[in-house]
Amino acid sequence: MWNPHSLDNRQMEKRVVVGRVRPTWARNLPEAREDDDKSEELGVMPHSDPPSPTETWNQGKQDEKYDVFGKVMLLGDSGVGKTCMLVRFRDGTFLAGNYISTVGIDFRNKVVTVDGIKVKLQIWDTAGQERFRSVTHAYYRDAHALLLLYDVTNKISFDNIRAWLGEIREYAQDDVVIMLLGNKSDSGLERAVRREEGQRLAREYQVAFMETSAKTGLNVEDAFAHVARALVAKANPVDPSRLVVRAQPSQEQRSSCPPCS
Ligand SMILES: Nc1nc2c(ncn2[C@@H]2O[C@H](COP(=O)(O)OP(=O)(O)OP(=O)(O)O)[C@@H](O)[C@H]2O)c(=O)[nH]1
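Only a predicted model underlies this, so the values are computations on that prediction, with no experimental measurement involved. Each chain carries its own residue numbering, running from 1 in the direction its sequence is written. It should be noted that, the model being predicted, local features are given only for residues of pLDDT at least 70 and side-chain atom pairs only at 80 or more, the latter also being counted only at that level, while totals for whole chains, interfaces and linings use all residues. Values reported for side chains reflect all heavy atoms of the structure, with hydrogen atoms and water molecules removed beforehand.

**Q** So, the environment of Lys118: which residues are in play, and what are the values?
**A** Structurally, Lys118 can be placed in strand S3 (residues 117–126). Think of it in three bands: with a 1.4 Å probe and only protein chains considered, a residue is buried below 20% of the maximum accessible area for its type, exposed above 50%, and partly exposed in between. The class of Lys118 is partly exposed, set by a relative accessible area of 36%. In this structure, the C-alpha to C-alpha distance between Lys118 and Ala228, residues 110 residues apart in sequence, is 8.9 Å. For this analysis, residues touch if any pair of their heavy atoms sits within 4.5 Å. With residues up to four places along the chain from it excluded, the contact list for Lys118 reads Lys65, Tyr66, Asp67, Val68, Val111, Val112 and Thr113. Each helix is a run of DSSP H or I of at least 4 residues and each strand a run of E of at least 2, with the numbering of both proceeding from the N terminus.

**Q** Describe unusual backbone geometry, with residues and values.
**A** Positive phi, normally seen in glycine, also occurs at Lys184, with a value near 70°. For Lys184, the position within the fold is in the loop between strand S5 (177–183) and helix H7 (195–205). In this structure Lys184 comes out as partly exposed when scored by relative accessible area, which is 25%. At Asn219, a position not held by glycine, the phi torsion is positive, near 65°. Relative to the assigned elements, Asn219 resides in the loop between strand S6 (208–211) and helix H8 (220–235).

**Q** How would you summarise the sheet that holds S3 if you had to cite specific residues and measurements?
**A** At least two DSSP bridges between two strands are required for those strands to pair. Taken in spatial order, the six strands line up as S2-S3-S1-S4-S5-S6 in an open sheet, and their pairing is mixed. Edge strands, defined here as strands with exactly one partner in the open sheet, are strand S2 (105–114) and S6. This sheet shows a mean twist of 25° between the axes of neighbouring strands, independent of strand direction. Here ten bridges tie S2 to S3, and the two strands are oriented antiparallel to one another. For Phe107, the partnering residue across the bridge sits in S3 and is Trp124. Between N-to-C directions, angles span 0 to 180 degrees; the directions come from axes that are lines fitted to C-alpha atoms, helices contributing only their stretch in contact. Packing of helix H3 (residues 82–91) onto the sheet brings it into contact with strand S1 (68–75), S2, S3, strand S4 (145–151) and S5, and relative to S3 it is tilted by some 150°. Where helix H6 (residues 161–171) meets the sheet, its contacts fall on S1, S4 and S5, and the angle it forms with S4 comes to roughly 165°.

Shown next, in the form of structure tokens:
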């Protein structure tokens, strides 16, 4: 359980940032958006009533106009660009500078249409810092999809992906959709992880892979569209070949790789 009294002063400062009406990642954005669903606009730890997949999965509510619902979590080391990825996807903007580490967990909704099907993505932005790991673990269980990010300019964040996949295997559902994203692909000379290394790791774990840039927007829409498609396929498993496989590396299946960009 989240206990604000256990936070040190530095955490408390950041807690205040998150605990205001707006989440950290919305700090540079206009105050209100007409298309926001107020009841689901902000989830700050503790979120006493996270939506249950059994209540919402595959049930399009008429007033919200969607066919499939999916809870998507952004995971990865601190600073890889999870918040910026969400802001880029949700609002089409980039939060340059003023890096403030996320505290706890926030979510934001966006409905995307793939192949004529409306998919409501409830996207959870988690804190990458180690000290918040136990908080985010509690949210893995209900996630339908996980976007696992590393920073192509930060080799350590890439090396830590195996540990993240281990946590996913331990805490998430077996059939969770997983996608690996090498973010900050705009960084050019600062690059420390080659695209081929990302592809190889994704192939080993049989997960989809893309390089993205929250700064330029490269592949951001595509990554979420891929996840939405996988969720639709999961909700209507007529064609087993479209199902996304688990995070374990599989000897027999190493020859094939889901979409890599
Ligand atoms: N060049 C470049 N910088 C980026 C990109 N995405 C994020 N950044 C920068 O990286 C820093 C960290 O971004 P965040 O989105 O806050 O990282 P985070 O993963 O949410 O970090 P935590 O909240 O600590 O887990 C910020 O200074 C961003 O401006 C990108 O695609 N390209």
